[in-house]
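A structural walkthrough
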Amino acid sequence: MVGASHSIPVASASPASPVPAAAPAPPVVPAPRRPDARRGPGRERTRWWYENALGWPTAPGEPVRLRTGVRFDVLDVPAAAGYATLERLGRAGAFGAAGALGAAGTPGAPGAAGTCSPVPGFPVAVREERMLLLVAAGGAEELPGLLEWLDWGSLALDLTAVGAGGLVIAPLAPAPGPNGFAPSGVAPGGDAPDGPAGCGSDGLPPRPPGRDGLRGAAVWLRPPEPGREVEPSLPALSALGRAGAALDLARLVRTLATQCHRVRLTAGAPPRARPVARVG
């Protein structure tokens, strides 16, 4: 009918349905604590020390190997030639300020009177009858030209270098102790060798012990120091003529070549007769 109002059917509102309660969140389970690699097995501690304490790149796999050509190169020589080289350079004062990592004259500082900075100036390691001397990155490429320039290029010397793209077996990490890390090859809290501050009578660090645990392993004579950049201490050609700089690479190579040649000559010589004490 015209004018009649028509009611529009409206759906009756149904009572609000209850909202389901949220499911309780699962309990947070903390991740299992990883053992402190600094005090773990030797291999884990060694890799942790190089990668975290020093920031040196390592290669995957076992044994732990260091990548050369990134932070440093390595000169590989007979241990006898290496010891003779370090002794000669030390007597000549070649390390000087470069060997003093602390303030000169500070009690207990490397290079101070009455103390010994083992193999001062730059890190050096030994492995059985070989010595590994760290030099500035790029030094391996300079070695052939240096030997030619020093008139050693025509002789067969047991002097090699490992540079960019190379790998060397990492020396054992220093053992953790109550006062930090002890030198590699020395037990924490162990007795210091004879001589000032753990040095031998000749002022050089003692040769690594031949214990079964170290036999065949590389150990540091002078380890790198965590928290210190290693590059400023490494022998390099650019160090020539710079006061207070690292040892000049040319001087190091010349001395190494001389000592390697002497070792080669004496290797084929008959052994010296030992004096026999007369009785009666």
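Summarised in this report is the structure supplied together with it.

Rules and cut-offs
Residues numbered from 1 in each chain as written. Predicted model: local features only at pLDDT ≥ 70, side-chain atom pairs only at ≥ 80, totals over all residues. Heavy atoms only, no water. Pairing = 2+ DSSP bridges. Helix = DSSP H or I, 4+ residues; strand = E, 2+ residues; numbered from the N terminus. Axes fitted to C-alpha atoms, helices over the stretch in contact; angles between N-to-C directions. Parallel < 35°, antiparallel > 145°, perpendicular 65-115°, else oblique. Left-handed = near helix turned anticlockwise from the far one by under 90°. Contact = heavy atoms within 4.5 Å. Nonpolar A, V, L, I, M, F, W, Y, C, P; charged D, E, K, R; others polar. Expected span 1.5 Å × (residues − 1). Buried < 20%, exposed > 50% of the residue type's maximum accessible area, 1.4 Å probe, protein only. Core = buried A, V, L, I, M, F, W, Y, C linked by side-chain atoms within 4.5 Å. Phe/Tyr/Trp six-rings, centres within 6.5 Å; stacked < 30°, edge-to-face > 60°. Salt bridge = Lys/Arg side-chain N within 4 Å of Asp/Glu carboxyl O.

Further remarks concern the sheet that holds strand S2 (residues 65–67). Within the open sheet, the 3 strands sit side by side as S1-S2-S7. Their pairing is antiparallel. The two strands at the open ends of the sheet, each matched to only one other strand, are strand S1 (58–59) and strand S7 (167–169). Here S1 runs beside S2; their pairing, made up of 2 bridges, is antiparallel. By the bridge assignment, Ala 59 is partnered in S2 with Arg 65.

Attention now moves to the packing of helix H2 (residues 79–91) against helix H5 (residues 249–267). For the pair H2 and H5, interaxial distance at closest approach is 8 Å and the crossing angle is 135°. Relative to H5, H2 is oriented oblique. Crossing of H2 against H5: the hand is right-handed. Taking contact as the criterion, the partners of Ala 80, Ala 81, Gly 82, Ala 84, Thr 85, Arg 88 and Leu 89 in H2 are, on H5, Arg 251, Leu 252, Thr 255, Leu 256, Gln 259, Cys 260, Arg 262 and Val 263. Its residues assigned to classes, the contact of H2 with H5 shows 8 nonpolar, 4 polar and 3 charged.

With that out of the way, let us pick up H2. In an α-helix there are 3.6 residues to a turn, and that puts residues three or four apart on one side. With 13 residues, H2 extends 18 Å between its outermost C-alpha atoms, agreeing within 8% with the 18 Å of an ideal straight helix rising 1.5 Å per residue. Among the residues making up H2, those that are buried are Ala 79, Ala 81, Gly 82, Tyr 83, Thr 85, Leu 86 and Leu 89. Looking at the packing, one finds that the buried side of H2 touches strand S3 (73–78), strand S4 (124–127), strand S5 (130–135), strand S10 (218–222) and H5.

The next thing to look at is the pairing of S3. Of all 6 residues making up S3, 6 are buried, and the element is well covered by its neighbours. Across 6 bridges, the pairing between S3 and S5 is antiparallel. If you follow Asp 76 over to S5, its bridge partner there is Leu 132. Relative to strand S6 (residues 160–162), S3 runs antiparallel, the two sharing 3 bridges. Residue pairing in the sheet places Leu 75 in a bridge with Ala 161 of S6.

Here we take up the nonpolar core. Trp 56, Leu 75, Met 131, Leu 133 and Leu 252 are the most contacted members of the largest nonpolar core, which has 49 residues in total. Of all elements in the fold, only helix H1 (42–54), S3, H2, S4, S5, helix H4 (139–149), S10 and H5 reach the threshold of two or more residues within this core. For this core, the element with the most residues is H5, which contributes 7 residues. Leaving out residues up to four positions away in the same chain, Met 131 has contacts with Leu 75, Asp 76, Val 77, Pro 78, Ala 79, Gly 82, Tyr 83, Leu 86, Val 124, Ala 125, Val 126 and Leu 221.

What follows deals with the packing of aromatic side chains. In this structure the tally under the stated criterion is 4 aromatic pairs. Ring plane angle 25° and centroid distance 5.9 Å describe the contact between Tyr 50 and Trp 56, whose orientation is recorded as stacked. A relative accessible area of 0% places Tyr 50 in the buried class. Look at Trp 56 and you get buried, because its relative accessible area is 2%. Connected via pairs of aromatic rings, a cluster forms that spans Trp 49, Tyr 50, Trp 56, Phe 72 and Trp 220.

A few words now on the pattern of salt bridges. Within the structure shown, the criterion is met by 8 salt bridges. As a salt-bridge pair, Arg 130 and Asp 76 come within 2.8 Å of each other at their nearest N and O atoms. Of the two residues, Arg 130 is situated in strand S5 and Asp 76 in strand S3; the sequence distance between them amounts to 54 residues. Classification of Arg 130 as partly exposed rests on a relative accessible area of 23%. Where Glu 225 meets Arg 222, a salt bridge forms, and the shortest distance between an N and an O atom there is 3.7 Å. Overall, Arg 222 belongs to the buried group, its relative accessible area being 6%.

Attention now moves to H5. Over its 19 residues, H5 runs 26 Å from end to end, which matches the ideal 27 Å to within 8%, given 1.5 Å per residue. Buried residues of H5: Leu 249, Ala 250, Leu 252, Val 253, Thr 255, Leu 256, Ala 257, Gln 259, Cys 260 and His 261, and no others. Close packing links the buried residues of H5 with S3, H2, S5 and H4.

Let's shift gears to unusual backbone geometry. Following Glu 62, the chain continues into Pro 63 via a peptide bond in cis, with omega recorded as -5°. Mapped onto the fold, Pro 63 is located in the loop between S1 and S2. The phi dihedral of Glu 128 is positive, around 55°, even though this residue is not glycine. Judged by its relative accessible area of 56%, Glu 128 is exposed. In this model, Asp 151 sits at a positive phi of 65°, which is unusual for a non-glycine residue. Here Asp 151 shows up in the loop between H4 and S6.

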